[in-house]
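# Summary of the model geometry
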Amino acid sequence: MTTDDTILRVEGLAKSFGTTEVLKEISFTVRKGETKAFIGPSGTGKSTLLRCINQLIVPDRGRVYLHGEEVTHAGAKINQYRAKIGMVFQNFNLFDHLTALRNVEIALLKVKGMKEGEAREKALFELRRVGLEDRADHYPAQLSGGQAQRVSIARALAMDPDVMLFDEPTSALDPELTGEVLEVIRELAQNGMTMLIVTHEMRFALSIADEICFMEHGTILERGPPADLRDSPAFERTRQFAGRFAEL
Amino acid sequence: MDQLAFIADILLPALWGGLLVTLQLIAAAAPFGVLIGAGIAVGRVYGSRPVQYFSRAYVAFFKGCPLLLLLFILYFGLPSAGISLSPFTASVLGFIFCNSAYDSEYIRGAIKSIREGQFTAGLALGMTRGQVIRNVILPQALRRAIPGLVNEFVYLIKYSSLAYMITVIELTGAGKMVATRYFTYNETFLVIGLVYLSLVTVTTIGAHLLERRVAVPGMASGRH
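Overview of the structure. Here the structure is a predicted model, which means the values were calculated and not measured. (Residues numbered from 1 in each chain as written. Chains lettered and ligands numbered in written order. Predicted model: local features only at pLDDT ≥ 70, side-chain atom pairs only at ≥ 80, totals over all residues. Heavy atoms only, no water.)

## Thoughts on the overall build of chain A
In terms of regular secondary structure, chain A is built from nine helices and 10 strands. Its C-alpha atoms give chain A principal-axis dimensions of about 50 × 45 × 35 Å. Long-range contacts, defined here as pairs at least 24 residues apart, represent 64% of the contacts in chain A between residues at least 6 apart. Counting only carbon and sulfur atoms, one obtains 46% of the accessible surface of chain A, whose full area is about 10,700 Å². Separation of charge centres in chain A, based on 31 positive and 36 negative side chains, amounts to 3 Å. (Helix = DSSP H or I, 4+ residues; strand = E, 2+ residues; numbered from the N terminus. Contact = heavy atoms within 4.5 Å. Areas by Shrake-Rupley, 256 points an atom, 1.4 Å probe, with all protein chains shown as cover. Lys, Arg positive; Asp, Glu negative; His and termini not counted. Charge placed at Lys NZ, Arg CZ, Asp CG, Glu CD.)

## As for the packing of helix H3 (residues 100-110) of chain A against helix H5 (residues 145-157) of chain A
Residues and elements named next belong to chain A. Running from N to C, H3 and H5 cross one another at 25°; their axes reach a closest spacing of 8 Å. Relative to H5, the element H3 lies roughly parallel. Considering how the two elements wind past one another, H3 and H5 form a crossing that is right-handed. Of H5, the residues touching H3 (which contributes Ala100, Asn103 and Val104) are Val151, Ala154 and Arg155. (Axes fitted to C-alpha atoms, helices over the stretch in contact; angles between N-to-C directions. Parallel < 35°, antiparallel > 145°, perpendicular 65-115°, else oblique. Left-handed = near helix turned anticlockwise from the far one by under 90°.)

## Thoughts on the sheet that holds strand E3 (residues 35-39) of chain A
All names here are of chain A. Pairing in this open sheet of six strands is mixed, and the strands run E6-E7-E8-E3-E9-E10 from one edge to the other. What marks the edges here is a single partner per strand, and that holds for strand E6 (85-88) and strand E10 (219-224). Neighbouring strand axes in the sheet, compared pairwise and without regard to direction, differ in orientation by 20° on average. Bridge count for strand E7 (residues 163-167) against strand E8 (residues 195-198) is four bridges, and the pairing is parallel. Looking at the pairing, Asp167 lines up with Val198 of E8. Its contacts with the sheet place helix H1 (residues 46-53) against E3, E6, E7, E8 and strand E9 (211-216), and it is angled at close to 150° to E7. (Pairing = 2+ DSSP bridges.)

## Considering the interface of chain A and chain B
Where interface size is quoted, it is often the accessible area lost as the parts come together. Taken together, the contact pairs 25 residues of chain A with 24 residues of chain B. Interface area, chain A with chain B, both sides summed: about 2,000 Å², of which 63% is carbon and sulfur. Among the residues chain A hides against chain B, the three largest losses belong to Phe95, Asp96 and His97 of chain A. Together they make up 32% of the total. Joining chain A to chain B, the criterion identifies one salt bridge. Of the charged contacts in the structure, one is a salt bridge between Arg115 of chain B and Asp96 of chain A, with a shortest N-O distance of 3.1 Å. Those elements that provide at least two residues to the side of chain A that touches chain B are helix H2 (78-84), E6, H3 and H5 of chain A. In terms of residue class, the side of chain A that touches chain B is built from 14 nonpolar, six polar and five charged. (Buried area = accessible area lost by both parts, 1.4 Å probe. Salt bridge = Lys/Arg side-chain N within 4 Å of Asp/Glu carboxyl O. Nonpolar A, V, L, I, M, F, W, Y, C, P; charged D, E, K, R; others polar.)

## A few points about helix H3 (residues 67-77) of chain B
Residues and elements named next belong to chain B. The complete set of buried residues in H3 reads Leu67, Leu70, Leu71, Leu74 and Tyr75. Axial view of H3: buried residues confined to an arc of 115°, hence all on one face. As for H3, its buried residues are in contact with helix H2 (49-64), helix H4 (87-112) and helix H6 (129-159). (Buried < 20%, exposed > 50% of the residue type's maximum accessible area, 1.4 Å probe, protein only. Arc of directions from axis to C-beta.)

## Things to note about the pattern of salt bridges
Residues and elements named next belong to chain A. Taken as a whole and judged by the stated rule, the model has 22 salt bridges over all chains. When the shortest N-O distance is used, the salt bridge between Arg9 and Glu11 registers 2.2 Å. Using a relative accessible area of 11% as the deciding quantity, one classes Arg9 as buried. According to the relative accessible area criterion, Glu11 is partly exposed, its value standing at 32%. In this structure, Lys122 and Asp160 form a salt bridge, with 3.0 Å as the shortest nitrogen-oxygen distance. Of this pair, Lys122 sits in helix H4 (residues 116-129) while Asp160 sits in the loop between H5 and E7; the two residues are 38 residues apart in sequence, bridging distant segments of the chain.

So this is what it looks like as structure tokens:
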């Protein structure tokens, strides 16, 4: 029932907090190597959507499939699925008591059951990939925001995920630090990583996404390749919003 | 001069045995106090409803119960329920209950001070809740709780003297016996006071070293 290269399938995902419907029957599929960007005003359910995919938030209705296997209602197996779905957070969420290297290593040791030496090698490889091998022994508090976010990307990549979820990866960064993070993400896209990105960086989204989804009030208002959507009304509204956002 | 002779020849040898018992009481109680305290704290923050209720009741009961009363119950009361404990065991148990109740409060506060996002990040990597708590939350919470735990340890050093009330001849008890026999209350209790003071001083220095050793740049200062 899934086409061969479909990695992720989301069907009718719905979530309410109290009486507020945050997600209203969201459906889409993600092909291998595809980059899908979600943009739209704050509070339209974009972050909730990402968290429903790896079940950090349990949706009220709807299903999520990873390689055709249902992630929703996975019970104890949910940890196995989460290990295959990398996530990068707005606030990095690095483990404060661990060095950059240990941050990347820890899930390799505890979740993947790797040996110390093997995990170390893999972690160093991932840090090199985001250009931070020389910061391996630094603690999160000793890293700039951009570096911290790159470490958190390395931490997610180390698990060799099938898909990466980026939840506003540059929103907490000073403008001069967003570039280095976007560069890392761009490189991942070029190397064929499958990614869902929630972002306010419109130009970035337009330049790397295969498909853009405009979200508003818990629905996907419009979707399509960047080129087709540049002049759509939804895009215009979002751009106005993003413009205001940037001015702030 | 014969006061010095009394202290050197009679008092100190007698106190030595008591000191050893005091140290044993502390050594037996403190680790379990922290361990159980951590368990209770985790239960209160992350446990299911019943676990939360149990943990709260545990803390409320042992914080509310005067330690001396607790020792009396454990030593004098339990035999009528068919459980006879040695004075030493009863004391250690009482200390563990009391110590762990307070320790759990320090640790619980520390757990709550850790940013929620780290828990989420651990889960997102595929860790179980237990793995996140053990590998992410507790290592940080325990570091932050060190000043409180040390405080409680210092209390333990001092309230270990209550074991004397259920016939354990520890430092205070040993001194009391010498003082009564030789009618040397001032000398004896002054010396005992100095011994407790040095125990507390050593603890404070040790705690400082420990805190420095496990310090994480930018973390212990409570930047986040």
